[in-house]
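The primary structure of each chain is shown beneath.
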Amino acid sequence: MAKQKGHGADMRFVVWKPPMRLELLALESLTVRPVHRSNTLSRMMRASARGPVGDPPGPAGRISPDPFSALAFPGDGAETYYPLSVHCRGKRGGSYTLYAGTVDERNEWRRRIREAIAARHAARAARTIFALETVTRDTAESQEAPAHQSGLVTGRVACTLPFSTNDGRQFVAIGSEDGVWIGLPHRPESIQRVMSLKMVTQIAFLAEYGFLIVLADKVLYATAIETLVPSTAPAPGRRSGGLQQLSSHSHPINFFSVGRLGGRTLIIFKKKKGLDSVFRALHVHRPTELGARGSTQFILFKEFFLPSDAHDLLFLKTKLCVLCTRGFEIMDLTEFSSDTIPLDEDLRRLGKRPGMNKPVAMFRIREDEFLLCYDEFGLYVDKRGAPSRSPATIEWEGIATQAAWHAPYVSLFCSSFIEVRHVESGRLAQIITGQDVRCVWDGRGVVRPEPLAGGLDEFDNPRTPRIHAVMDDSDMSSFATSVRLSGHVFPRRQHVVEFVPTERLVVPGTRYSPSLLSVADTLPPYVP
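This structure is a prediction, so every number in the text was calculated from the model and none was measured.

Trainee: What should I look at first to understand the environment of Glu 369 in this one?
Mentor: Here Glu 369 is to be found in strand β27 (residues 369–374). Glu 369 sits in the buried class, given a relative accessible area of 8%. Sequence separation between Glu 369 and Arg 389 is 20 residues; the distance between their C-alpha atoms is 9.9 Å. Contact partners of Glu 369, with chain neighbours within four places excluded, come to Phe 363, Arg 364, Tyr 380, Val 381, Ser 388 and Arg 389. For Glu 369, the side chain forms a polar contact with the side chain of Ser 388, separated by 2.8 Å.

Trainee: Please clarify how the packing of aromatic side chains should be interpreted in this entry.
Mentor: Both the distance between ring centres and the angle between the ring planes are used here to describe each pair of aromatic rings. All chains considered together, the criterion is met by eleven aromatic pairs. Consider the rings of Phe 130 and Phe 499, whose centres lie 5.6 Å apart with planes at 45°: the pair is tilted. Taken together, the residues span a long stretch of sequence, with Phe 130 in strand β7 (residues 130–136) and Phe 499 in strand β39 (residues 494–501) at a distance of 369 residues. Overall, Phe 130 belongs to the buried group, its relative accessible area being 2%. For the ring pair Phe 363 and Trp 405, a centre distance of 5.9 Å and an interplane angle of 20° mean the geometry is stacked.

Trainee: For this particular structure, what's the right way to read unusual backbone geometry?
Mentor: In terms of backbone geometry, most residues other than glycine have negative phi values and most peptide bonds are trans. Note that the residue after Ile 341, namely Pro 342, is joined by a cis bond; omega there is -10°. Within the secondary structure, Pro 342 sits in the loop between β25 (337–341) and α5 (344–349). For the bond from Ala 407 to Pro 408, the omega torsion is 0°, close enough to zero to count as cis. Position of Pro 408 among the secondary structure elements: in the loop between β30 (402–406) and β31 (409–413). Although it is not a glycine, Asp 217 adopts a positive phi angle of roughly 55°.

Trainee: How should I be thinking about the side chain of Arg 364 in this particular structure?
Mentor: You can see Arg 364 is positioned in strand β26 (residues 359–366). The side chain of Arg 364 is buried and forms no salt bridge, while Glu 367, the nearest opposite charge, is found at 4.3 Å. A polar side-chain atom of Arg 364 sits 3.0 Å from the main-chain carbonyl oxygen of Glu 367.

Trainee: In this structure, what is going on with the confidence of the model for the protein? I would like to understand it.
Mentor: Any residue range with low pLDDT should be treated as having predicted coordinates unsuitable for detailed reading. Chain-level statistics for the protein give a pLDDT mean of 80 and a share of 76% at 70 or above. The low-confidence segment residues 452–458 (pLDDT under 50) makes 17 contacts with residues lying over four places distant or belonging to another chain. Predicted confidence is poor over residues 475–490, with pLDDT under 50, and the contacts of this stretch with residues over four places away or in other chains come to 19 contacts.

Trainee: Explain the sheet that holds β30 here, please?
Mentor: Each strand in a sheet pairs with its neighbour through backbone hydrogen bonds, running either in the same direction (parallel) or in the opposite one (antiparallel). Pairing is antiparallel in the open sheet, where four strands are placed in the order β30-β31-β32-β33. Taken across any chain shown, the strands that pair with only one partner, and hence form the sheet edges, are β30 and β33 (428–433). Strand-to-strand, the axes of this sheet are offset by a mean angle of 20°, without reference to chain direction. Inspection of the sheet shows strand β32 (residues 417–422) paired to β33 by five bridges, in the antiparallel sense. Considered in β33, the bridge of Arg 421 is made with Leu 428.

Criteria and thresholds
- Residues numbered from 1 in each chain as written.
- Predicted model: local features only at pLDDT ≥ 70, side-chain atom pairs only at ≥ 80, totals over all residues.
- Heavy atoms only, no water.
- Helix = DSSP H or I, 4+ residues; strand = E, 2+ residues; numbered from the N terminus.
- Buried < 20%, exposed > 50% of the residue type's maximum accessible area, 1.4 Å probe, protein only.
- Contact = heavy atoms within 4.5 Å.
- Polar contact = N/O pair within 3.5 Å; in protein donor to acceptor, adjacent residues only side chain to side chain.
- Phe/Tyr/Trp six-rings, centres within 6.5 Å; stacked < 30°, edge-to-face > 60°.
- Lys, Arg positive; Asp, Glu negative; His and termini not counted.
- Salt bridge = Lys/Arg side-chain N within 4 Å of Asp/Glu carboxyl O.
- pLDDT = per-residue confidence, 0-100.
- Pairing = 2+ DSSP bridges.
- Axes fitted to C-alpha atoms, helices over the stretch in contact; angles between N-to-C directions.

Structure representation (structure tokens):
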């Protein structure tokens, strides 16, 4: 986008907005009625070729990006223009209206833009990092679906979780407003509802103990997986109990996180008290003393609070990372001490205002380096939380609400698209567009008996998918939650997809090592 500066021989155009990426560009619907403007607009539109306009423009000659706000009755000297509106996604985007002198000119512009967008998508399709594979697309609103139907998920999908039991069985769980569904991977027709809890927002699985942890209507529950999907030969000494309630209705739980810390399997959940965040850590324990029945117990391990509103918690090697309004809070449960990273002075030095951006995620990209993901940018830091590179930041295309990590790529989720960036260079590698896009699984949620040794990831195979997303599966406009045609309302259809790595993510014939990334091999060519 450029603005005209000066007149006559001194006239020049100054770029005041970066170019629009074709991947983020969309053509809006054609305006039925043309726009009638006075001759003043004609002189203003031709001013760049003729020099300054001699007569001052009148009120009817005001240029407006909204074609409907500029409608006027044709009068003496009025000319007709045909608007063409385009919409650019992203934090620097917006809607823009161009005006053509004839219908043929507008159709030609529209055809050329469509061809450019299609050519760009075709070029990018051959160099994709992740391919989308359907988990389920048979979804419906609660009021329009039968009580039980195989393969059909009702309500708004909030979370998913692929997991495997100790006997080798593999499942995928889906949580929505109407309960929990479990089915077999790559077989959407096998998905069935196994729990009728309302407003499910999180699911986790403790593989060592065979327990599914569910947060529903801000209450935390635990249930043995054997009660949901019984095996033919249950493990000896393991009792398949019913649904256990781990928190009370009087203290709503905002979120929880599971992981291993200090050799213990912990469930840490947060409740809000005033402006503070109060955390309770439960130790998952199975008695091994002689004569014990072997039933799993959830014992209170520790309680701690944070004088800030927290929205997520991550397990590090020996500490915890709490994402809150203050930033990234690194907590040591042994000494009950905490430090906030990065320092406010470091953010100001980078041109950022402390407290103005929301922390979204934190990823360990090397043994001694992390990537702090905010909603508008990413920051490389070392183990002490100080900026570790120059430049130290990556500016996102959009405003991210969630982030997921599949080495060596980080995926940023916005409401209308997903941007995939190479973590070593920060360059944009792939854009996935959609409507009402949300990340429903970011690779966390499964606690295995023993952590994998010798790597930074909990996955031993780089080709194993570790990201799920849900997006609108209709052709409706992204500016409305539903579309009304002839008196009928057509709700959105949800499409749950899995990010399947392509061969471009891992070079064939080489051993994948997150600590020894080859940027030249894994970074696809990208032309802005």
